[in-house]
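Tertiary structure, described
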Amino acid sequence: MMGWKLGAALVALATTATAQNAPDPRRPQPTFDSVAPALPKLRHPAVLIFSKTNSYRHDSIPDAVKAVSTLARKRSWSVFATENAAVFNPQQLARFDLIVFASATGDPFTPAQRDAFQDYIASGRGFVGLHGAGDGSHPDWYQHLLGYGGYTGHPGGADQFQTSDIIVLDRTHPATRKLPPRWRWTEEYYAYSEPLRADTHVLARLDETGMRLEPRHTMGDKHALIWWRCEGRARIFYSALGHKPQAYSDPQHLKLIDGAIAWAARKEGRGCG
């Protein structure tokens, strides 16, 4: 009897240890790609949707990829979605008019891939970053490109997701012109300790009134959530919205994303030469 109990206890301990040591799917081990994917036949405009995660992995990534793909195809654009960073090479990137980071996190690039991406931006193409594409896991050069720095995280625990108003400051941009002046939204709201780059154009900010925020997550009327900037002729757009999967079936949010990709691909709106 004692032997049976001891054996059961050892099995329980082993099971617990295995569970504790099991990989966390939301925090994958960083990997780097060396073999580029085969691309399908693409016509212009063509969108590259990139969702590799060398840091936190959001459950909403499949929903974000599907939403962007659907919006692009409704415009009769070509779409290629991948998590293979080896697609960032001069020959393949030349086939795309726009890159969308669908909550891609961490530093996914080898030095050569980083150079190819930076050269792509220098050529005047477009970029859209969604949610995790603007967190603190990205390298400094990338954060500088998007216009932010000093990421301090977001509320946690019971306060992680809060409902508040997003104040739309500019309703002339293709991404925000179909949004109401005050937009009620539930999100894990990112915060930053540093001001955005001086050349960023803030389209919408958070109304912190009545929210439960630690001091490091408060930014007052500078709590930007959606903005754009120019990197030379390149159009750079970022939205901090979209943590939850259901965000990508929300009609207002889809209007925001649709306007963002249209602007970044130079099909609508003005800016950046």
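Check the entry above for the structure.
Note that this is a predicted model, so its numbers are computed, not measured. (Residues numbered from 1 in each chain as written. Predicted model: local features only at pLDDT ≥ 70, side-chain atom pairs only at ≥ 80, totals over all residues. Heavy atoms only, no water.)

Looking at the overall build of the chain
The helix and strand tally for the chain stands at six helices and eleven strands. Taking 2.2 N^0.38 as the reference for a compact globule, 273 residues should give roughly 19 Å; the C-alpha atoms of the chain span a radius of gyration of 21 Å, in line with that estimate. Each principal axis of the C-alpha distribution contributes one length, and for the chain these read about 80 × 50 × 35 Å. In the chain, buried positions account for 52% of the 273 residues. Within the chain, residue pairs in contact and separated by at least 24 positions form 76% of the contacts whose partners lie at least 6 positions apart. (Helix = DSSP H or I, 4+ residues; strand = E, 2+ residues; numbered from the N terminus. Rg over C-alpha atoms; globule rule 2.2 N^0.38 Å. Buried < 20%, exposed > 50% of the residue type's maximum accessible area, 1.4 Å probe, protein only. Contact = heavy atoms within 4.5 Å.)

Remarks on the sheet that holds strand S7 (residues 182-187)
Pairing within the open sheet is mixed, and its nine strands lie in the order S2-S1-S3-S4-S11-S10-S9-S6-S7. Whereas interior strands pair on both sides, the edge strands pair on one side only; in this sheet they are strand S2 (78-82) and S7. Neighbouring strand axes in the sheet, compared pairwise and without regard to direction, differ in orientation by 20° on average. Pairing of strand S6 (residues 162-168) with S7 involves six bridges; the strand directions are antiparallel. Within S7, the residue paired with Ser164 across the bridge is Trp185. (Pairing = 2+ DSSP bridges. Axes fitted to C-alpha atoms, helices over the stretch in contact; angles between N-to-C directions.)

A word on the nonpolar core
Judged by nonpolar contacts, the single largest core of 79 residues is most densely connected at Phe88, Phe101 and Phe237. When residues in this core are grouped by element, the largest group, seven residues, is from helix H2 (residues 61-74). Those residues within four positions of Phe88 in sequence are excluded, and the remaining contacts are Leu48, Phe50, Leu93, Ile99, Phe101, Phe109, Ala112, Gln113, Ala116 and Phe117. (Core = buried A, V, L, I, M, F, W, Y, C linked by side-chain atoms within 4.5 Å.)

Quick word on the pattern of salt bridges
Summed over all chains, the structure comprises 16 salt bridges. Here Arg197 ties to Asp199 by a salt bridge, and the two come within 3.3 Å at their closest N and O atoms. Judged by its relative accessible area of 23%, Arg197 is partly exposed. (Salt bridge = Lys/Arg side-chain N within 4 Å of Asp/Glu carboxyl O.)

With respect to the state of the cysteines
Per the counting criterion, the structure on display carries one disulfide. Between the sulfur of Cys230 and that of Cys272 lies a disulfide, 2.1 Å long from S to S. Measuring handedness by torsion sign, the sulfur bridge of Cys230 and Cys272 sits at about -85° and is left-handed. A residue pair is termed long-range when its members are at least 10 positions apart, and Cys230 in strand S10 (residues 224-231) and Cys272 in the segment after helix H6 (251-264) qualify at 42 residues. On the basis of relative accessible area, Cys230 is assigned to the partly exposed category, the value being 22%. (Disulfide = S-S within 2.5 Å.)

Details of the packing of aromatic side chains
Two numbers describe a pair of aromatic rings. These are the distance of the centres and the angle of the planes. Applying the stated criterion to the full structure yields 24 aromatic pairs. Between Phe50 and Phe109, the ring centres sit 6.1 Å apart and the planes meet at 15°, which makes this aromatic pair stacked. Of this pair, Phe50 sits in strand S1 (residues 46-50) while Phe109 sits in the loop between strand S3 (98-102) and helix H4 (111-122), placing them 59 residues apart in sequence. Taking the relative accessible area as the measure of exposure, Phe50 reaches 0% and is therefore buried. For the pair Phe88 and Phe117, a centre-to-centre distance of 5.6 Å together with 85° between the ring planes defines the contact as edge-to-face. Note that Phe88 is positioned in the loop between S2 and helix H3 (90-93) and Phe117 in helix H4, a separation of 29 residues in sequence. Exposure class is identical for Phe88 and Phe117. Each is buried. Members of the aromatic cluster, joined through ring pairs, are Phe50, Phe88, Phe101, Phe109, Phe117, Phe127, Trp141 and Tyr142. Here Lys244 stacks its cationic end above the ring of Phe161, 4.3 Å away from the centre of that ring. (Phe/Tyr/Trp six-rings, centres within 6.5 Å; stacked < 30°, edge-to-face > 60°. Lys NZ or Arg CZ within 6 Å of the ring centre and 35° of its normal.)

Here's the deal with the side chain of Asn84
With respect to the element layout, Asn84 can be found in the loop between S2 and H3. The buried category is assigned to Asn84, whose relative accessible area is 15%. Within the structure, the side chain of Asn84 is placed 2.9 Å from the backbone nitrogen of Ala86, a separation counted as a polar contact. Asn84 has contacts with Asp33, Val35, Ala36, Pro37 and Phe50, leaving out every residue within four places of it along the chain. (Polar contact = N/O pair within 3.5 Å; in protein donor to acceptor, adjacent residues only side chain to side chain.)

Looking at the pairing of strand S9 (residues 201-206)
In the sheet, S6 pairs with S9 via three bridges, with the strands oriented antiparallel. Bridging across to S9, Ile167 finds its partner in Arg205. The sheet contact formed by S9 and S10 spans four bridges and is antiparallel. The residue of S10 that forms the bridge with Ala204 is Ile226.

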